[in-house]
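Coordinate inspection notes
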Amino acid sequence: MLEFMDYVQSAFYAGSRWNTDNSYASLTAATTKLLDFRTPHGVRLHVSSLSSANFATSYTLGNKGVVDGSFSFLFSNLGVKVASRSNEVYLGHLVRGYRHLQELRKPEELSAWETVVDGKVVQKRDALLYGRMYLPGSTLEALYLRRLSPSRLLSIRAVSSAQLPHGGTLLAQLQNDQGKYTTEYLCSTDSALLGFRGLYNFGYDPRDENSQLDSSAPAHPWDHKSGRLSVGAEAYFSPMNKSGGLSTGLRFTTLPVHPGIPYTMTLTLNPLMGNLSSSYAVKAGTDLSLCTRFDFNVYSYESDVTIGLELWRRDSSTAWARKMLRSAWSNAPRSAGDSAFVSSDFVTKQKDATGVVKARISAVGKASLLWEGKVKELLVSVGAGFDMKSTTRALGSVGVEVSYSS
């Protein structure tokens with residue numbers, strides 16, 4: 001489950017019309033949310049508040065061997081209009097599972113960012129400032145986001161800690177989203193690391209007014225015109241350590257215009273380390289998602305298979321109404337020329353979701369089970385990890401997290 005501050009940051013991205021899915025870093029997001037979910041450790045309490053549309057605070061207290069905690073704040077000049085009370089927040093906005101990507105859109109015109117103030121033309125540039133202090137270690141982290149233009153986003157992340165070399169590190173990232181393709185440039189003070197990421201989407205080009213999405217029914221089961229094929233790569237190099245990294249990947253996913261079962265397939269390769277990973281995620285029903293992933297190393301011949309599922313529970317008092325809805329209504333395509341942008345993080349979920357169960361198991365015997373849902377006015381997460389091949393300690397970590405926000 002997302003922490004409250006991450007939830008507000010996602011609302012900032014959606015409010016400023018920034019598509020977080022159109023990035024190489026999000027290439028395997030569907031698999032990650034279904035298979036690599038985090039289970040709680042120990043007992044942890046979160047208390048948060050969105051006191052105004054521009055300011056939020058959050059406090060955390062935990063007990064994982066020792067008592068620890070943190071306090072954080074967030075400010076944005078863009079008014080964030082989302083539900084903040086824990087009993088009013090859509091559970092689907094906090095618990096990220098299968099990501100049904102939306103259609104690409106072209107960047108806004110620069111004139112749409114211009115406003116007149118005191119007779120002068122001023123460009124609006126949404127910004128966000130976030131800070132968090134961890135106790136008792138006194139580690140400080142900060143985040144600064146700024147929309148430089150309709151197609152560019154600047155993010156600066158910093159961490160200050162006595163345990164880090166030189167007392168801390170800073171990472172700057174410049175993202176450029178043209179709809180059809182995206183590029184990212186990264187620079188870190190840690191070993192003077194430089195990086196580049198790129199993603200290209202085949203097919204529909206939102207910048208071309210003559211390009212239209214084909215919403216007709218597929219001619220055969222393998223007719224993928226209602227989907228999107230994306231190919232990307234990333235490269236890193238550190239002149240101080242004289243070392244680098246490289247990875248590439250591709251993804252095919254169905255879009256909302258697809259009349260059948262939504263699914264996502266990904267393939268990633270790290271040629272320097274020899275890691276190969278392929279995954280397949282499918283939304284088998286309204287409340288059920290399944291995912292499998294195969295990992296293989298061509299140098300050591302080590303391999304692993306992971307299987308996971310996500311099952312939602314909804315209020316039975318409204319289940320009869322959902323069953324009467326025609327399937328065509330839920331799969332009705334939106335016009336490709338529609339300028340309204342809907343983030344896949346904030347696609348409206350049914351309000352009757354009361355809980356979700358996530359589970360995963362791998363061929364090496366590692367398994368995890370997680371339940372997240374609403375209990376009265378609280379958001380609760382209960383999870384545990386298991387080692388099926390251990391003869392001494394099959395039950396690993398167990399934890400409970402309780403969150404309240406206003």
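A few words on the overall build of the chain. A tally of helices and strands in the chain yields five helices and 21 strands. Within the chain, the fraction of its 406 residues that count as buried is 41%. Accessible surface for the chain amounts to roughly 21,300 Å². Of this, 60% is attributable to carbon and sulfur atoms.

With that settled, consider the pattern of salt bridges. What the rule picks out here adds up to eleven salt bridges. One salt bridge in this structure joins Arg-197 and Glu-234, with 3.1 Å as the shortest N-O distance. Of this pair, Arg-197 sits in strand S11 (residues 193-201) while Glu-234 sits in strand S12 (residues 227-238); the two residues are 37 residues apart in sequence, bridging distant segments of the chain. Grouping residues by exposure puts Arg-197 and Glu-234 together as buried.

Here the focus is the side chain of Lys-358. With respect to the secondary-structure elements, Lys-358 resides in strand S18 (residues 353-362). On the accessibility criterion, Lys-358 (5% relative accessible area) is buried. Within polar-contact distance, the side chain of Lys-358 engages the backbone oxygen of Lys-33 at 3.1 Å. If near-sequence neighbours (up to four positions away) are discounted, Lys-358 is found in contact with Lys-33, Phe-37, Val-95, Arg-96, Gly-97, Leu-309, Glu-310, Ser-368, Leu-369 and Leu-370.

Its location among the elements puts Ala-363 in the loop between S18 and strand S19 (366-375). Distance in space between the C-alpha atoms of Ala-363 and Asp-304 is 5.7 Å, their sequence separation being 59 residues. Setting aside anything within four residues of it in sequence, one finds Ala-363 in contact with Asp-304, Val-305 and Lys-389.

The amide bond that connects Leu-135 to the next residue, Pro-136, takes the cis arrangement and shows omega of 5°. Of note, Pro-136 is situated in the loop between strand S6 (127-135) and strand S7 (139-149). Residue Lys-242 is not a glycine yet carries a positive backbone phi of 50°. Non-glycine residue Lys-376 carries a positive phi angle of around 60°. Among the structural elements, Lys-376 can be located in the loop between S19 and strand S20 (378-387).

All told, the structure shown has eight aromatic pairs when counted by the stated rule. Judged by centre distance (5.4 Å) and plane angle (55°), the ring pair of Tyr-185 and Phe-196 falls under tilted. Here Tyr-185, found in strand S10 (residues 181-188), pairs with Phe-196, found in strand S11; they are eleven residues apart in sequence, far enough to count as distant. Taking relative accessible area as the criterion, Phe-196 reaches 36% and is therefore assigned partly exposed. Linked through ring pairs, Phe-252, Tyr-263 and Tyr-280 together constitute an aromatic cluster. Positioned above the aromatic ring of Phe-37 is the side chain of Arg-360, whose terminal nitrogen or guanidinium carbon lies 4.4 Å from the ring centre.

Cut-off values and rules
- Residues numbered from 1 in each chain as written.
- Predicted model: local features only at pLDDT ≥ 70, side-chain atom pairs only at ≥ 80, totals over all residues.
- Heavy atoms only, no water.
- Helix = DSSP H or I, 4+ residues; strand = E, 2+ residues; numbered from the N terminus.
- Buried < 20%, exposed > 50% of the residue type's maximum accessible area, 1.4 Å probe, protein only.
- Areas by Shrake-Rupley, 256 points an atom, 1.4 Å probe, with all protein chains shown as cover.
- Salt bridge = Lys/Arg side-chain N within 4 Å of Asp/Glu carboxyl O.
- Polar contact = N/O pair within 3.5 Å; in protein donor to acceptor, adjacent residues only side chain to side chain.
- Contact = heavy atoms within 4.5 Å.
- Phe/Tyr/Trp six-rings, centres within 6.5 Å; stacked < 30°, edge-to-face > 60°.
- Lys NZ or Arg CZ within 6 Å of the ring centre and 35° of its normal.

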